[in-house]
Amino acid sequence: MTAEELLEKYAAGERDFSGVDLSGVDLRGAYLSDICLRDANLSNANLRFVNFHSAKLDRINLSGADLRDASLEAVDMREANLSHANLNCVAMSDARLAGSDFSYADLGLTTLHDSYMAEVNLTGANLSGAFMNQTGLMRANLTGCRFRRARFMDVGWDEAIFCDTVMSDGSVRNDNC
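So, how was this worked out
- Residues numbered from 1 in each chain as written.
- Predicted model: local features only at pLDDT ≥ 70, side-chain atom pairs only at ≥ 80, totals over all residues.
- Heavy atoms only, no water.
- Helix = DSSP H or I, 4+ residues; strand = E, 2+ residues; numbered from the N terminus.
- Rg over C-alpha atoms; globule rule 2.2 N^0.38 Å.
- Buried < 20%, exposed > 50% of the residue type's maximum accessible area, 1.4 Å probe, protein only.
- Contact = heavy atoms within 4.5 Å.
- Areas by Shrake-Rupley, 256 points an atom, 1.4 Å probe, with all protein chains shown as cover.
- Lys, Arg positive; Asp, Glu negative; His and termini not counted.
- Charge placed at Lys NZ, Arg CZ, Asp CG, Glu CD.
- Arc of directions from axis to C-beta.
- Pairing = 2+ DSSP bridges.
- Axes fitted to C-alpha atoms, helices over the stretch in contact; angles between N-to-C directions.
- Disulfide = S-S within 2.5 Å.
- Salt bridge = Lys/Arg side-chain N within 4 Å of Asp/Glu carboxyl O.
- Phe/Tyr/Trp six-rings, centres within 6.5 Å; stacked < 30°, edge-to-face > 60°.
- Lys NZ or Arg CZ within 6 Å of the ring centre and 35° of its normal.

**A short note on the overall build of the protein chain**
For the protein chain, the count of helices and strands is one helix and six strands. Counting from the amino terminus, helix and strand elements in the protein chain follow one another as α-β-β-β-β-β-β. Relative to the compact-globule value of 16 Å for 177 residues, the protein chain shows a C-alpha radius of gyration of 16 Å, a close match. Out of the 177 residues in the protein chain, the part that is buried amounts to 50%. At a minimum sequence separation of 6, the contacts of the protein chain that also span at least 24 residues come to 1%. Taken as a whole, the protein chain presents about 7,600 Å² of accessible surface, with 43% of it coming from carbon and sulfur. One finds the centroid of the 16 positive side-chain charges in the protein chain at a distance of 3 Å from the centroid of its 26 negative side-chain charges.

Quick look at the structure:
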């Protein structure tokens, strides 16, 4: 499916695009609120400024995708692949992200508010300057993760793996390593 076909069908009222292959497409700036892209492949896609408000994105492949400045508010995105994705300056409020793979992703300056991130893989991820408020990172893998200048308010770290994890003050944590 092409970006044009997806946008045309979306404009006509279709919302379920489960399992589609949109790898490498350019959907920059698209409004895709309430879309269902479960099990879809959008690897290496240009998704800058896309509004995915209330989207169903479980098990989506967004590896290597450019999501800078996108809105991922109130999304269901469990067990998604976001490895090596660029999520710089993304807004993720009320997001359900449990079990997702954010390994080596850039989440710098991202806002995570009231988001559930249990058992996510953040190995090697960059969260420098991120703001995390009421976010659960229970049993998350934070190996090699960088939180420089990040701000935390009411973050749940229960059973998280800290191994060479650089915290906001520059200190390195090695809990459960």
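Continuing now.
**Here's the deal with helix α1 (residues 3–11)**
Turning to α1, its buried residues number three or more, namely Ala3, Leu6 and Tyr10. Relative to the axis of α1, the buried residues are bounded by an arc of 65° and lie together on one face. Exposed side chains of α1 directed beyond 90 degrees from the buried face belong to Glu4, Glu8 and Ala11. Positive phi appears at Gly13, one or two residues downstream of α1, with a value of about 105°.

**Details of the sheet that holds strand β3 (residues 131–133)**
One open sheet accounts for four strands, arranged β1-β2-β3-β4; its pairing is parallel. Only two strands of the sheet have a single neighbouring strand rather than two, namely β1 (91–93) and β4 (151–153). With direction set aside, neighbouring strand axes in the sheet form an average angle of 5°. Bridge analysis of β1 against strand β2 (residues 111–113) gives three bridges, and the strand direction is parallel. The residue of β2 that forms the bridge with Met92 is Leu112.

**Structural notes on the state of the cysteines**
Counted under the stated rule, the structure contains one disulfide. Here Cys163 pairs with Cys177 through a disulfide, and the sulfurs are 1.9 Å apart. Of the two residues, Cys163 is situated in the loop between β4 and β5 (165–166) and Cys177 in the segment after β6 (172–173); the sequence distance between them amounts to 14 residues. By relative accessible area, which is 59% here, Cys177 ends up exposed. No disulfide involves Cys145; its nearest neighbouring cysteine sulfur is the one of Cys163, lying 12 Å away.

**Description of the pattern of salt bridges**
Using the criterion set out here, one finds 11 salt bridges in the structure. Between Asp26 and Arg28 there is a salt bridge, with the nearest N and O atoms lying 2.7 Å from each other. Judged by its relative accessible area of 52%, Arg28 falls in the exposed class. The salt bridge involving Asp76 is made with Arg78; its shortest N-O contact spans 3.7 Å. You can call Asp76 buried: its relative accessible area is 15%. Residues participating in the shared-partner salt-bridge network are Arg38, Asp58, Asp76, Arg78, Asp94 and Arg96.

**Some points on the packing of aromatic side chains**
Evaluation of the coordinates by the stated rule reveals four aromatic pairs. Here Phe147 and Phe152 contribute two aromatic rings whose centre-to-centre distance is 5.4 Å and whose plane-to-plane angle is 75°, an arrangement assigned as edge-to-face. A relative accessible area of 27% places Phe152 in the partly exposed class. By way of ring pairs, the aromatic residues Phe147, Phe152, Trp157 and Phe162 are connected into one cluster. Across the ring face of Tyr10, the terminal group of Arg15 is positioned such that the distance to the ring centre comes to 3.7 Å. Looking at Arg173, its charged tip hangs above the ring of Phe162, at a distance of 3.7 Å from the centre.

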